[in-house]
Amino acid sequence: LGKAALLLGALFAVSKSLLPQLMRWIALSRSREIFLLSSVLLCFGASWLSAELGLSAALGAFFAGIMLANTDYHHQIAGEITPFRHIFVSIFFISIGLLFDVPFVASNAMTVLPLVGLVLFVNWVVITLVVLSFGYAPRVAVVTGIILSQIGEFSFLLLETAKKGGMITWDFYQNILSAAVITIFLTPFLFNFV
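About the criteria used
Residues numbered from 1 in each chain as written. Predicted model: local features only at pLDDT ≥ 70, side-chain atom pairs only at ≥ 80, totals over all residues. Heavy atoms only, no water. Helix = DSSP H or I, 4+ residues; strand = E, 2+ residues; numbered from the N terminus. Expected span 1.5 Å × (residues − 1). Buried < 20%, exposed > 50% of the residue type's maximum accessible area, 1.4 Å probe, protein only. Contact = heavy atoms within 4.5 Å. Phe/Tyr/Trp six-rings, centres within 6.5 Å; stacked < 30°, edge-to-face > 60°. Salt bridge = Lys/Arg side-chain N within 4 Å of Asp/Glu carboxyl O. 1 Å grid on protein atoms, 1.4 Å probe; cavity = no way out; pocket = protein on both sides within 12 Å on 5 of 7 lines; lining within 4 Å. Points joined across faces, edges and corners; volume = space filled by probe spheres on them. Nonpolar A, V, L, I, M, F, W, Y, C, P; charged D, E, K, R; others polar. Core = buried A, V, L, I, M, F, W, Y, C linked by side-chain atoms within 4.5 Å.

Participant: Is there a simple way to explain helix 5 (residues 74–99) in this structure?
Facilitator: Taking 1.5 Å as the rise per residue, helix 5 with 26 residues should run 38 Å; its terminal C-alpha atoms sit only 33 Å apart, a clear shortfall. Within helix 5, the full set of buried residues consists of Ile77, Glu80 and Ile96. Looking at the buried residues of helix 5, the elements they touch are helix 2 (19–28), helix 3 (32–52), helix 4 (57–69), helix 9 (154–164) and helix 10 (170–193).

Participant: Which parts of the structure should I look at to understand the packing of aromatic side chains?
Facilitator: The geometry of an aromatic ring pair is captured by two quantities: the separation of the ring centres and the angle between the planes. In this structure the tally under the stated criterion is six aromatic pairs. Judged by centre distance (5.1 Å) and plane angle (75°), the ring pair of Phe92 and Phe93 falls under edge-to-face. The exposure class of Phe92 is partly exposed, given its relative accessible area of 28%. By relative accessible area, which is 34% here, Phe93 ends up partly exposed. Taken together, a centroid distance of 6.0 Å and an interplanar angle of 40° make the contact between Phe121 and Trp124 tilted. Of this pair, Phe121 and Trp124 both sit in helix 7 (residues 109–133), three residues apart, roughly one helical turn. Take Trp124: its relative accessible area is 28%, and that puts it in the partly exposed class.

Participant: In this structure, what is going on with unusual backbone geometry? I would like to understand it.
Facilitator: Glycine aside, negative phi is the norm for most residues, and most peptide bonds take the trans geometry. Here the phi dihedral of Arg30 falls at roughly 55°; this positive angle occurs in a residue that is not glycine. The topology assignment puts Arg30 in the loop between helix 2 and helix 3.

Participant: Whenever I open this one, the side chain of Glu80 confuses me. Can you help?
Facilitator: Here Glu80 lies in helix 5. With sequence-adjacent residues up to four places away left out, Glu80 is seen in contact with Arg32, Phe35 and Leu36.

Participant: What am I meant to see in the pattern of salt bridges here?
Facilitator: What the rule picks out here adds up to two salt bridges. Between Arg32 and Glu80 there is a salt bridge; the shortest N-O distance is 3.0 Å. Taken together, the positions of Arg32 in helix 3 and Glu80 in helix 5 put the pair 48 residues apart, joining distant regions of the chain. Judged by its relative accessible area of 13%, Glu80 is buried. With a shortest N-O distance of 4.0 Å, Lys163 and Glu160 are connected by a salt bridge. Of this pair, Lys163 and Glu160 both sit in helix 9, three residues apart, roughly one helical turn. Since its relative accessible area comes to 33%, Lys163 is described here as partly exposed.

Participant: Quick question: what am I supposed to make of the layout of surface pockets here?
Facilitator: A probe as big as a water molecule, rolled over the atoms, marks out the empty space that is left. Taken as a whole, the largest pocket encloses approximately 1,500 Å³ of empty space. Residue assignment for the lining of the largest pocket shows that the elements contributing at least two residues are helix 3, helix 4, helix 5 and helix 9. Ranked by residues supplied to the lining of the largest pocket, first place goes to helix 5 with 11 residues. Residues that form the lining of the largest pocket fall into these classes: 20 nonpolar, seven polar and four charged. The calculated volume of the second largest pocket comes to roughly 230 Å³. Residue lining of the second largest pocket: Leu8, Leu11, Phe12, Ser15, Lys16, Pro20, Phe63, Ile66, Met67, Asn70, Thr71 and Asp72, and that is the complete set. Top contributing element to the lining of the second largest pocket by residue count: helix 1 (residues 2–17), with five residues. A class-by-class count of the residues in the lining of the second largest pocket yields seven nonpolar, three polar and two charged.

Participant: How do you make sense of the nonpolar core when you look at a structure like this?
Facilitator: Nonpolar side chains tend toward joint burial in soluble globular proteins. Val112, Val116, Phe156 and Leu177 are the most contacted members of the largest nonpolar core, which has 19 residues in total. Put simply, the parts of the chain that give this core at least two residues each are helix 6 (102–107), helix 7, helix 9 and helix 10. Of the residues forming this core, the biggest block, seven residues, is contributed by helix 10. Discounting chain neighbours no more than four positions away, the residues touching Val116 are Ala179, Ile182, Thr183 and Leu186.

Right under this line is the structure:
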């Protein structure tokens with residue numbers, strides 16, 4: 001926790017003091033290549049720093065993305081990395097698919113399937129209530145709850161970190177991972193359902 005706070009503090013200080021001037025200076029070069037490489041270098045640097053502190057490299061990349069999103073150049077960065085984003089999203093979902101253990105799900109279906117149902121139901125209720133609290137129509141709230149009821153992709157990062165830290169058992173890891181993959185798989189069907 002201390003290391004995460006240290007990393008967050010350092011990245012926050014950089015993002016408020018140094019990063020805006022650095023991005024302005026890089027943008028003045030009017031070179032798309034330098035701009036893109038600088039943004040990628042910042043992400044790799046934050047990932048490396050996070051890994052050196054014993055945290056997840058993905059967590060560092062996540063924080064770097066937040067830092068870049070708070071600059072005046074976030075639209076330009078988003079435009080530059082869009083082609084790469086599609087490639088990396090594909091790689092991400094392929095790697096998640098490779099983690100999915102079909103024999104485990106088959107032999108533990110009585111645990112995994114109720115967990116999938118519980119996740120979908122609880123997320124649906126919570127999201128529906130949140131959307132209703134913002135004053136949206138009940139139909140909009142229900143539809144939003146259904147569409148967003150799956151486990152998010154960030155859960156894989158948390159799950160991997162917990163497993164590597166020895167905080168969860170292998171069975172618990174596989175149950176949650178299986179439920180997450182199945183709920184993400186069901187999302188397009190739920191979207192078409194509404």
